[in-house]
Amino acid sequence: MPAYEPVLLARINKPNSGKLEGYRADGGYATVERALKEKQPIDVITQVKDAGLRGRGGAGFPCGLKWTFLPKDHPGPIYLCVNADESEPCTYNNRILMEKDPHQVLEGIMLACYAIRSQKAFYYVRYEYGDSFRSLQAAIDELYAAKLLGKNILGSGFDLDIVLHRGAGAYICGEETGLIESLEGKRAWPRIKPPFPAIEGAFRKPTIVNNVETLACVTQIMKRGIDWFKSLGVPPDPKNPRDAGSYGPKLYTLAGHVEKPVCVELPMGVTLRDLVEKHGGGVWKGRKAKAVNPGGLSMGFVDVNAPLKGEDGKTEYDIPLDFNGPGRVGCLGLGTAAVTVVDDQTSMIDVLHNVCQFFSHESCGQCTPCREGTGWMLKITDRLRRGLGRKEDLDILIDVGDRIGIMPGTTICGLSDGAGWPVKTAIRKFRAEFEAAIKSGTKSKYAKSLALAGSH
């Protein structure tokens with residue numbers, strides 16, 4: 001089988017890959033020019049919908065279908081919000097596109113705006129991404145100078161402005177309504193839904209929120225066609241009527257205890273084992289993998305040594321990284337496809353404490369179960385790593401993890417689901433390790449002393 005040739009990352013190693021001149025020399029903006037001249041907005045929506053593109057930001061919702069939720073014949077304005085608040089730990093898929101090939105994403109924004117009849121796009125960039133912000137601003141300036149943005153683009157009568165907005169460094173802004181609240185200058189508290197953003201979003205107008213990688217895929221679908229996109233990835237599972245398939249290329253990022261942290265583009269459905277062993281050079285320092293997080297911390301953990309149900313000779317390490325694969329082993333989903341490896345010499349108690357610390361810090365505090373639950377999970381895991389844990393702590397943590405979240409119906413957004421999933425999967429899959437540490441009273445080398453400063 002021939003090696004896969006990257007499409008989304010095809011240009012990132014070219015000299016001046018972020019410049020308009022180089023992008024146009026490679027055929028850039030020819031696709032949007034053809035769409036403006038030859039296609040109606042509904043044609044673009046139909047092509048993206050029929051390609052089966054699912055959002056790359058985490059939820060995997062069908063992109064073209066989301067576009068159809070806008071009110072029919074709305075007088076406007078209609079907005080597009082580009083979610084570049086890439087704050088899921090160990091995720092850097094979007095950063096590479098924004099820094100190295102910003103025009104590919106900007107062309108996708110233009111195509112999406114034309115499809116949904118939007119004349120203004122807000123590009124919401126994570127505050128910590130300084131290089132991305134500067135690269136995007138330079139690319140947008142180039143487009144205005146070339147009259148590819150603004151009024152009457154390419155003589156088509158289509159007007160579009162793109163506003164670059166820098167966030168303030170909060171994880172909650174990755175949730176689409178939290179992002180919208182922040183964009184409006186308010187505290188980023190997610191909104192109760194319905195109404196969904198497609199009905200009432202930014203500035204109370206119909207709004208579509210799409211992820212950076214999703215919009216890069218829009219560019220390639222409109223350039224290469226439906227058949228090309230659906231030739232990659234995994235078709236729907238005939239046994240699962242809710243499966244919409246996992247088509248197209250995907251950017252996977254590797255981090256944690258691997259020899260080579262990397263962002264690699266592959267067709268959807270590569271196995272976790274192949275990604276780590278072939279593309280990441282294996283686990284570092286000659287060690288073995290113990291646990292793997294398949295798509296950002298909020299997706300939970302895979303036990304690489306646990307047998308895979310229904311697959312003789314395979315373990316959870318062999319799951320496919322498509323929209324269905326992680327769910328087969330109790331994970332929340334594919335998420336951002338940011339894979340984080342934990343080696344066999346690392347304590348899962350330390351890992352879980354680190355996870356709980358992150359989610360407790362990033363909870364916006366609007367919903368009581370999330371505000372209090374994440375805080376108490378942190379306190380309990382802190383007690384565990386001090387060697388002061390009790391056996392019943394494990395059941396309490398699982399109970400809290402099961403009860404908080406939008407899926408049990410206790411919170412407004414899914415941050416608490418993401419906080420609970422790594423807790424309950426870690427304890428259920430590595431319970432023996434937790435119980436042994438509790439029994440022995442093992443204290444983590446990372447735990448700080450509880451003694452007051454200056455006391456003896």
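Residues numbered from 1 in each chain as written. Predicted model: local features only at pLDDT ≥ 70, side-chain atom pairs only at ≥ 80, totals over all residues. Heavy atoms only, no water.

**Here we look at empty space enclosed by the protein**
Piece 1. The final tally for this structure, using the stated rule, is 1 cavity of 30 Å³ or more.
Piece 2. Considering only residue class, the lining of the largest cavity consists of 8 nonpolar, 4 polar and no charged. (1 Å grid on protein atoms, 1.4 Å probe; cavity = no way out; pocket = protein on both sides within 12 Å on 5 of 7 lines; lining within 4 Å. Points joined across faces, edges and corners; volume = space filled by probe spheres on them. Nonpolar A, V, L, I, M, F, W, Y, C, P; charged D, E, K, R; others polar.)

**Some details on the environment of R117**
Piece 1. Relative to the helices and strands, R117 resides in the loop between helix 6 (102-116) and strand 2 (120-125).
Piece 2. Its relative accessible area of 60% is what places R117 among the exposed residues.
Piece 3. Each C-alpha atom of the pair R117 and D73 lies 10.0 Å from the other, and the pair is 44 residues apart in sequence. (Helix = DSSP H or I, 4+ residues; strand = E, 2+ residues; numbered from the N terminus. Buried < 20%, exposed > 50% of the residue type's maximum accessible area, 1.4 Å probe, protein only.)

**Some words on the packing of helix 13 (residues 368-385) against helix 14 (residues 391-403)**
Piece 1. Direction vectors running N to C along helix 13 and helix 14 enclose 155 degrees, while the axes themselves pass 10 Å from each other. Viewed along their axes, helix 13 and helix 14 adopt a mutual orientation that is roughly antiparallel. The chirality of how helix 13 crosses helix 14 is left-handed. Here helix 13 contributes G373, M377, I380, T381, R383 and L384 to the contact with helix 14, which in turn contributes D393, L394, I396, L397, V400 and G401. (Axes fitted to C-alpha atoms, helices over the stretch in contact; angles between N-to-C directions. Parallel < 35°, antiparallel > 145°, perpendicular 65-115°, else oblique. Left-handed = near helix turned anticlockwise from the far one by under 90°. Contact = heavy atoms within 4.5 Å.)

**Re the layout of surface pockets**
Piece 1. Here the second largest pocket is characterised by a volume of approximately 630 Å³.
Piece 2. Along the wall of the second largest pocket there are 29 residues; nearest its centre are T346, S347, D350, V351 and Y446.
Piece 3. Sorting the residues of the lining of the second largest pocket by element identifies strand 11 (338-343), helix 12 (348-362) and helix 16 (431-440) as the ones contributing at least two each.
Piece 4. It is helix 12 that contributes the most residues to the lining of the second largest pocket, 8 residues altogether.

**Details of the confidence of the model for the chain**
Piece 1. Averaged over every residue, the pLDDT of the chain is 94; the share at 70 or more is 98%.
Piece 2. For residues 452-456, every residue scores under 50 in pLDDT, and the model assigns this stretch 0 contacts once sequence neighbours within four places are set aside. (pLDDT = per-residue confidence, 0-100.)

**Some words on the side chain of T336**
Piece 1. Within the element layout of this structure, T336 appears in the loop between strand 10 (302-303) and strand 11.
Piece 2. Among the residues examined, T336 registers a relative accessible area of 12% and is labelled buried.
Piece 3. Residues within four places of T336 in sequence aside, it is in contact with R56, G57, G58, E88, T91, N93, K250, L251, G295 and G296.

**Some details on the sheet that holds strand 1 (residues 79-84)**
Piece 1. Judged by pairing direction, the sheet is parallel, and its 4 strands sit side by side in the order 3-2-1-4 without closing on themselves. Of all the strands in the sheet, just strand 3 (161-166) and strand 4 (207-211) have a single pairing partner and so form its edges. For this sheet, the mean angle separating the axes of adjacent strands, direction not counted, is 20 degrees.
Piece 2. As judged from the 6 bridges shared by strand 1 and strand 2, these two strands associate in the parallel manner. In the strand pairing of strand 2, L80 is matched with A121.
Piece 3. Helix 6 rests against strand 1, strand 2, strand 3 and strand 4 of the sheet, and its axis sits at about 150 degrees to strand 1. (Pairing = 2+ DSSP bridges.)

**Remarks on the sheet that holds strand 8 (residues 262-267)**
Piece 1. Taking strand neighbours across the sheet as the criterion, the 5 strands line up as 8-7-11-9-10 in an open arrangement whose pairing is mixed. Because the sheet does not close on itself, it has two edges, and the strands there are strand 8 and strand 10.
Piece 2. Bridge count for strand 9 (residues 289-293) against strand 10 is 2 bridges, and the pairing is antiparallel. Its bridge partner lying in strand 10, V292 is registered against V302.
Piece 3. The strands that helix 11 (residues 272-279) touches are strand 7 (249-256), strand 8, strand 9, strand 10 and strand 11; relative to strand 8, the one it contacts most, it runs at about 130 degrees.

**A few points about the pattern of salt bridges**
Piece 1. One pass over the full model with this rule turns up 34 salt bridges.
Piece 2. Across the salt bridge formed by D274 and K278, the nearest N and O atoms sit 3.9 Å from each other. With D274 and K278 both in helix 11, this residue pair falls 4 residues apart, about one helical turn.
Piece 3. Between R431 and D395 there is a salt bridge, and its shortest N-O distance comes to 3.1 Å. Taken together, the residues R431 in helix 16 and D395 in helix 14 connect sequence positions 36 residues apart.
Piece 4. Beyond isolated ion pairs, a larger network of salt bridges with shared partners links R11, K14, D26 and D101. (Salt bridge = Lys/Arg side-chain N within 4 Å of Asp/Glu carboxyl O.)

**Some details on the pairing of strand 11**
Consecutive residues of a regular strand have side chains that alternate between opposite faces of the sheet.
Piece 1. With 6 of 6 residues buried, strand 11 is to be regarded as a mostly interior element.
Piece 2. Here strand 11 shows no split at all, with A338, T340 and V342 on one side and V339, V341 and D343 on the other all buried.
Piece 3. The sheet contact formed by strand 7 and strand 11 spans 4 bridges and is parallel. Looking at strand 11, one finds that G256 is bridged to V341.
Piece 4. Bridge count for strand 9 against strand 11 is 4 bridges, and the pairing is antiparallel. Paired with N293 across the bridge in strand 11 is T340.

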